[in-house]
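Per-entry structural report
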Amino acid sequence: MSVVHTTNAERFDAQVPVLIVGAGAAGLCAALAAKATGADAVLIERDAVPSGSTALSAGLIPAAGTRFQRGKGIADSAELFAADIQRKANGESDPGIVQVLARGAGPLVEWLADRHGVPFDVIDNFNYSGHSALRMHGLPTRTGRELIDRLRSAAEADGIVILTGCVAERLFVASDHRIVGIEIARGDGARERIGCGALILACNGYGGNQVLVRSFIPDMADALYFGHPGNRGDAVLWGEALGAQLAYLGAYQGHGSVATPHNILVTWAVIMQGGIQINAEGRRFCDESRGYSEQAADVLRQPGGFAWDVFDERIAGIARQFEDFRNAERLGAIVSADTVEGLARAMEVPVQAFTAEWREVESLKSRARRDRFGRRFTPDQKCAAPLRGVKVTGALFHTQGGLAIDANARVKMKSGSVFSNLYAAGGAAAGVSGSGAAGYLSGNGLLTATVLGRLAGDKAGRGI
Ligand SMILES: Cc1cc2nc3c(=O)[nH]c(=O)nc-3n(C[C@H](O)[C@H](O)[C@H](O)COP(=O)(O)OP(=O)(O)OC[C@H]3O[C@@H](n4cnc5c(N)ncnc54)[C@H](O)[C@@H]3O)c2cc1C
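Residues numbered from 1 in each chain as written. Predicted model: local features only at pLDDT ≥ 70, side-chain atom pairs only at ≥ 80, totals over all residues. Heavy atoms only, no water.

1. Points about the overall build of the protein chain
- The number of helices and strands found in the protein chain is 15 helices and 21 strands.
- Expected size for 464 residues packed as a compact globule is a radius of gyration near 23 Å; at 23 Å, the protein chain falls within 12% of this value.
- On the principal axes, the C-alpha backbone points of the protein chain span a range of 75 × 45 × 40 Å.
- As displayed, the protein chain offers around 16500 Å² of accessible surface, 49% of which is attributable to carbon and sulfur atoms.
- Both charge centroids of the protein chain, one from 48 positive and one from 48 negative side chains, sit 3 Å from each other. (Helix = DSSP H or I, 4+ residues; strand = E, 2+ residues; numbered from the N terminus. Rg over C-alpha atoms; globule rule 2.2 N^0.38 Å. Areas by Shrake-Rupley, 256 points an atom, 1.4 Å probe, with all protein chains shown as cover. Lys, Arg positive; Asp, Glu negative; His and termini not counted. Charge placed at Lys NZ, Arg CZ, Asp CG, Glu CD.)

Written as structure tokens, this is what we have:
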């Protein structure tokens, strides 16, 4: 990945008004928004079919004040949402960008539903840690595969060109800091130069680049990377070469509940509804309800680097709305028993230690008390036989650090001014999750992908 400084005399094989690197949720939303302004947009995507981390996700987008929420009597507002983002991020995130995201998410979800036929509804039978209202909007299968396929279909319906099997490798920048084009490599080795009016970097973060992960997030250097391997930190590398501002490079979304050895995401609903995690010694090790992101490193620190999610059939019923959970059951990742002792034997953990933990938690639930880690339990979380367990490990899902942007999604220079025609969205841009894993509020990934993608596309299309 390199940057070429040019004198404006560069020759390009083609010229497009808006060029977008990466056809994940961010890139596709950017293309749809640019098209809506009347500007032609072209996407460059390394894969044969757009997938990205978006396809691996649960496809849930947090949004406040939507008609989907109102239809279910859920009171929410952008102000409440912004406060939740900042609380989880320990107040470390850029307040201006937080406002842009919290205000933009509701209109974004309704735009995708009304203009592009994406059939969202709001999840109303469990909530994620840190959200003070039910605001996760998902699709019928609760998969990111459905989200990306629907976004791609919408782009195709709008006549947007997606050049698949092409990797953007070089950026050309003029002396006035305008990005004038890029060079792409096609799968057959052919190279092409495409000039642009504006460039949007939507090529996510550096989860797929071990060197960058080791350098910025040493805690996760040896962890399973569960995101898209094609996200190799190109935006960060170009940014460094261009003199762009980079921010929050140590921030990331981890997850402490990936079924092992099956490598399937087990929804955090199993914990939020009253489940717990125990280690190989049958013991709990922290307040699981803080959030799944910070839980990744905690799980990896346990003996053997794994834990067991323990819950019951009522909770499994809620988790079954996720295709991933149904797949985990189908592949035999979930063990069951009618007694606490039987489940301990099925999980091969010490019976005495586990039964003592389980009974204490059930008693705390009955009395609505907090445990020794500070987790608050409530009577509606009580579990009953049959009980379920699934062996899980911690994983890195995606990085949250990246190019610092202004409120128009334009990339900032180290000097503080902005590149006039360079935008970043999604994992390519600096997120709003503070500086580590604990600041990640569930949904921050697709929030920055979709809302910033739409914003960048709109501004690039209008030449703002
Ligand atoms: C298992 C899992 C579950 C998740 N669940 C959720 C969830 O429910 N809600 C949520 O908000 N977030 C979730 N996330 C995070 C979310 O998936 C990401 O934050 C989001 O998809 C990022 O979107 P994006 O468009 O920035 O990147 P991506 O979807 O990864 O798209 C980037 C694209 O850029 C392409 N690319 C990269 N470099 C180049 C290059 N040089 N040239 C050409 N193409 C390139 C890649 O091939 C890729 O297709 C989850 C993540 C994982 C891994």
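So much for the structure itself; the text now carries on.
2. Describing the layout of surface pockets
- Roughly 200 Å³ of volume is contained in the largest pocket.
- Lining the largest pocket are 15 residues, and of these Ala55, Leu56, Ser57, Thr143 and Asp324 sit closest to its centre.
- Every element with two or more residues in the lining of the largest pocket is listed here: helix H2 (52–56), helix H6 (144–157), strand S14 (264–265) and helix H12 (323–330).
- Looking at the lining of the largest pocket element by element, the count peaks at three residues for H12.
- A class-by-class count of the residues in the lining of the largest pocket yields six nonpolar, five polar and four charged. (1 Å grid on protein atoms, 1.4 Å probe; cavity = no way out; pocket = protein on both sides within 12 Å on 5 of 7 lines; lining within 4 Å. Points joined across faces, edges and corners; volume = space filled by probe spheres on them. Nonpolar A, V, L, I, M, F, W, Y, C, P; charged D, E, K, R; others polar.)

3. Side note on helix H1 (residues 25–36)
- Between its terminal C-alpha atoms H1 stretches 16 Å, which fits the 16 Å expected from twelve residues at 1.5 Å a residue.
- Among the twelve residues in H1, ten count as buried, and that is most of the element.
- Listed in full, the buried residues belonging to H1 are Ala25, Ala26, Gly27, Leu28, Cys29, Ala30, Ala31, Leu32, Ala33 and Ala34.
- Immediately downstream of H1, the backbone of Gly38 shows phi near 100°, a positive value. (Expected span 1.5 Å × (residues − 1). Buried < 20%, exposed > 50% of the residue type's maximum accessible area, 1.4 Å probe, protein only.)

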